[in-house]
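Structural description and commentary
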Amino acid sequence: DNEESMILFERLERELSYKEPSDNHVALIVSALEMIHRCSSEYITQSVYSVGTNTVLILLRQVIDKYVTCIKHDGFAQHTICNVAKIFSHFIKSDPIKRKIAGDYDTILQMIAVLNSEAFEWAKIEYLNVLAELVHIEDFNIDIIKCHAFIDALI
């Protein structure tokens with residue numbers, strides 16, 4: 001049953017639509033999403049498809065975009081960015097979702113933005129692990145490797 005996932009993504013979408021979303025609410029929703037996706041690849045696929053792959057990726061990008069700039073001074077931001085990294089780590093267990101992420105240039109750029117931020121080192125390693133998995137997918141836009149921001153993040 002993907003009802004929990006659908007409800008949480010709907011709540012995240014609603015929270016992010018507010019002019020000033022509650023950082024606490026966003027952090028709690030993202031944390032819950034991370035926990036319910038500690039599951040089989042089949043459930044992950046069903047969960048993401050039930051909400052819509054594009055919608056899920058857009059919401060996760062919005063979370064990264066909102067918190068990556070204030071990560072140094074905000075505990076909620078640090079933990080939220082870390083939980084998004086864990087969500088992506090869970091998602092790449094599902095081949096169809098991994099292929100979709102690999103072909104989504106904007107999502108890859110947001111992951112690179114985290115690498116260039118003040119995020120916890122282990123969160124950066126989590127994003128690097130996800131990117132390393134995505135490089136092996138034929139849908140991966142290899143031009144992203146040539147992106148200056150990605151090269152700078154590795155240095």
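Since we're looking at a predicted model, the values are computed, not measured. (Residues numbered from 1 in each chain as written. Predicted model: local features only at pLDDT ≥ 70, side-chain atom pairs only at ≥ 80, totals over all residues. Heavy atoms only, no water.)

**Let's talk about the pattern of salt bridges**
- For the structure shown, the criterion picks out 6 salt bridges.
- Notably, a salt bridge pairs Asp95 with Lys98, separated by 4.0 Å at the nearest N-O pair. Of this pair, Asp95 and Lys98 both sit in helix α6 (residues 95-102), separated by 3 residues, roughly a single helical turn.
- Three or more residues are tied together by salt bridges with common partners; here these are Asp95, Lys98 and Glu133. (Salt bridge = Lys/Arg side-chain N within 4 Å of Asp/Glu carboxyl O. Helix = DSSP H or I, 4+ residues; strand = E, 2+ residues; numbered from the N terminus.)

**As for the nonpolar core**
- The biggest cluster of nonpolar side chains holds 42 residues, and the ones touching the most others in it are Leu12, Phe88, Phe91, Ile101, Tyr127 and Leu134.
- Looking at which element gives the most residues to this core, the answer is helix α4 (residues 53-68), with 8 residues.
- Among all residues touching Leu134, those that are not within four sequence positions of it are Ile92, Lys98, Ile101, Ala102, Ile108, Met111 and Phe140. (Core = buried A, V, L, I, M, F, W, Y, C linked by side-chain atoms within 4.5 Å. Buried < 20%, exposed > 50% of the residue type's maximum accessible area, 1.4 Å probe, protein only. Contact = heavy atoms within 4.5 Å.)

**Thoughts on α6**
- Listed in full, the buried residues belonging to α6 are Ile97, Lys98, Ile101 and Ala102. Taken end-on, α6 shows its buried residues confined to a sector of 140°, consistent with a single buried face.
- For α6, the elements touching its buried residues are α3 (41-51), α4, α5 (75-91), α7 (105-115) and α8 (121-135). (Arc of directions from axis to C-beta.)

**Concerning the environment of Asn83**
- Within the secondary structure layout, Asn83 lies in helix α5.
- Counting along the chain gives 56 residues from Asn83 to Ala27, while the straight-line C-alpha distance between them is 8.4 Å.
- Excluding its chain neighbours within four sequence positions, the residues that come into contact with Asn83 are Val30, Ser31 and Glu34.

**Quick word on the packing of helix α1 (residues 3-17) against α3**
- At a closest axis distance of 9 Å, the pairing of α1 and α3 adopts a crossing angle of 45°. It follows from the interaxial angle that α1 and α3 lie oblique. α3 is crossed by α1, and the crossing has right-handed handedness. Contact with α1, carried on its side by Glu4, Ser5, Met6 and Phe9, involves Tyr43, Ser47, Ser50 and Val51 of α3 and no other residues of that element. (Axes fitted to C-alpha atoms, helices over the stretch in contact; angles between N-to-C directions. Parallel < 35°, antiparallel > 145°, perpendicular 65-115°, else oblique. Left-handed = near helix turned anticlockwise from the far one by under 90°.)

**Re the side chain of Ser47**
- Its place among the elements puts Ser47 in helix α3.
- For Ser47, a relative accessible area of 0% gives the class buried.
- Within polar-contact distance, the side chain of Ser47 engages the side chain of Ser5 at 2.5 Å.
- Apart from residues no more than four positions distant in its own chain, Ser47 is found in contact with Asn2, Ser5 and His37. (Polar contact = N/O pair within 3.5 Å; in protein donor to acceptor, adjacent residues only side chain to side chain.)

**Side note on the packing of α4 against α5**
- Between α4 and α5, the shortest axis-to-axis distance is 9 Å and the interhelical angle comes to 150°. One finds that α4 runs roughly antiparallel with respect to α5. For α4 against α5, the interelement crossing comes out left-handed. Of α5, the residues touching α4 (which contributes Val56, Leu57, Leu60, Val63, Ile64, Tyr67 and Val68) are Ala77, Thr80, Ile81, Val84, Ile87, Phe88 and Phe91.
- A per-class count over the contact of α4 with α5 returns 13 nonpolar, 1 polar and no charged. (Nonpolar A, V, L, I, M, F, W, Y, C, P; charged D, E, K, R; others polar.)

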